[in-house]
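Summary of structural features
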Amino acid sequence: MGLVQLLKSQFVFHLLMVYVFMASGIIVNLLQLCTLPLWIVNKQLARKVNVRLGYCIMSQMVALLEWWSGTECTLYTDPKSYPLFGKENAIVVLNHNFEIDFLCGWTFCDRFGVLGSSKVLAKKDLAYVPVIGWMWYFLEIVFCKRKWEDDRKTVAESLQNLHDYPENFWFLLHCEGTRFTPKKHEISMQVAESKGLPKLKYHLLPRTKGFWVTVQNLRGNAAAVYDSTLNFRNNEAPTLLGLLNGKKYHADLYVRRIPLDTVPEGEAECAAWLHKLYQEKDSFQEHYAQTGRFPGPIKSPPRRPWSLINWVFWSCLLLFPLFLLFAQLVHSGAVLTIVTTVALCVAGSVGARWMIGQTEIDRGSSYGNKEVPINNN
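What comes next is a walk through the structure. (Residues numbered from 1 in each chain as written. Predicted model: local features only at pLDDT ≥ 70, side-chain atom pairs only at ≥ 80, totals over all residues. Heavy atoms only, no water.)

Okay, the pairing of strand S5 (residues 170–173) next. Looking along a regular strand, one sees the side chains alternate between the two faces of the sheet. Residues Trp170 and Leu172 of S5 are buried on one face, and the alternating residues Phe171 and Leu173, pointing to the opposite face, are buried as well. Sheet topology note: the strand S2 (residues 90–94)/S5 ladder contains four bridges and is parallel. Of the residues in S5, the one forming a bridge with Val93 is Leu173. The pairing of strand S3 (residues 119–123) with S5 spans two bridges and is classified as parallel. Directly across from Lys119, in S5, lies its bridge partner Phe171. (Buried < 20%, exposed > 50% of the residue type's maximum accessible area, 1.4 Å probe, protein only. Helix = DSSP H or I, 4+ residues; strand = E, 2+ residues; numbered from the N terminus. Pairing = 2+ DSSP bridges.)

One pair of aromatic rings is described through two measures. These are the centre distance and the angle between the planes. Evaluation of the coordinates by the stated rule reveals 21 aromatic pairs. Between Tyr82 and Phe112, the ring centres sit 5.6 Å apart and the planes meet at 75°, which makes this aromatic pair edge-to-face. With Tyr82 in the loop between strand S1 (72–77) and S2 and Phe112 in the loop between helix H5 (101–111) and S3, this pair connects stretches of sequence that are 30 residues apart. Residue classification places Phe112 among the buried positions, given a relative accessible area of 13%. Look at Phe108 and Trp170: their rings are 4.7 Å apart centre to centre, the planes differ by 45°, and that puts the pair in the tilted class. Residue Phe108 is located in helix H5, and its partner Trp170 is located in strand S5; the two are separated by 62 residues in the primary sequence. No difference in accessibility class separates Phe108 from Trp170, as the two residues are buried. Of note, Lys281 hangs over the ring of Tyr278, and the distance from its end group to the ring centre comes to 5.6 Å. (Phe/Tyr/Trp six-rings, centres within 6.5 Å; stacked < 30°, edge-to-face > 60°. Lys NZ or Arg CZ within 6 Å of the ring centre and 35° of its normal.)

Take the side chain of Lys281 next. With respect to the secondary-structure elements, Lys281 resides in helix H11 (residues 267–291). For Lys281, a relative accessible area of 0% puts it in the buried group.

Summed over the entire model, instances satisfying the criterion amount to 16 salt bridges. We note a salt bridge from Glu88 to Arg257, for which the minimum N-O separation is 2.8 Å. In this pair, Glu88 is assigned in the loop between S1 and S2 and Arg257 in strand S7 (residues 250–259), connecting sequence segments 169 residues apart. For Arg257, a relative accessible area of 25% gives the class partly exposed. A salt bridge links Glu280 to Arg256, with the nearest nitrogen and oxygen atoms 2.9 Å apart. With Glu280 in helix H11 and Arg256 in strand S7, this residue pair connects regions lying 24 residues apart in the sequence. Classification of Glu280 as partly exposed rests on a relative accessible area of 22%. Residue classification places Arg256 among the buried positions, given a relative accessible area of 18%. Sharing partners across several salt bridges, the network here consists of Asp227, Arg256, Lys276, Glu280 and Lys281. (Salt bridge = Lys/Arg side-chain N within 4 Å of Asp/Glu carboxyl O.)

What follows is the structure in structure tokens.
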């Protein structure tokens, strides 16, 4: 292990990174709050401002993957589709197998200039969480309760509100509804057998209702579906903790552009189309398992420097006064002050580990674990 790698693995650096992320996130949230009066005067300008403010938070996570860990991302796609990425609205269908697949999705967005305007379907509870949740609220993220009776209308209304969105956006969608685990896969395939659906080897059955509502409400706004399948070389299962330790991974992403007007409009037909799509995604994963690559030519969209510049800016802005304060505390020699500072650092470290733990597969959502029939249609 080299000196640089050794330094990256030290927890004190992780704690400082979490501090910069949380402190800058709260500052950005406050700035977003200040844009509320602007919404009344000029809604479109307020949206554009919030896109840039949101980028200040999300790009720090991208910088962690691309610049701190040095993780490589290889894109497999049709050369004819490649020039359209970032220049049109799209629904991005992602598989959900890894602890950092959301981060790879953000990196995909950043390399084509749509990270700040990207949208996701998120749990309603997240809207109340500082930094990420509050940021998403101002970015008009689509929130749901995972109860179809409650979600159908609210999700449709949220998507309709995006028809006059002033920037190109990608709507990132995990149709499986939850992250892949062996237990969830076993239950999902029991459902497939009971419904007479083809079984999948590398995916859970997709939840078709949410996809259909998304497609129906983004017709005329989004131009295409980007079918995206992610894998990592050498059978690695990357984690956020691994990234923080500076471990380098190599992600391979296969993206197919499918014009949205080719997706059936009827709910039953759209559901059948999505099931067929996931059978094809399964075949791509099988091809990767056998050959170590996805089919098709390789493109290498370059890393953009803006995520690194943003990260360095916030680090300089927030760490200098922190170090100055720490030096003053040590110089003062006040025992109570020093003990209080240590206690705050310990609390910060516990909080940091908790945040990391939320991305771990064995700590993930229990959604899909219930051994009862699951409505996938």
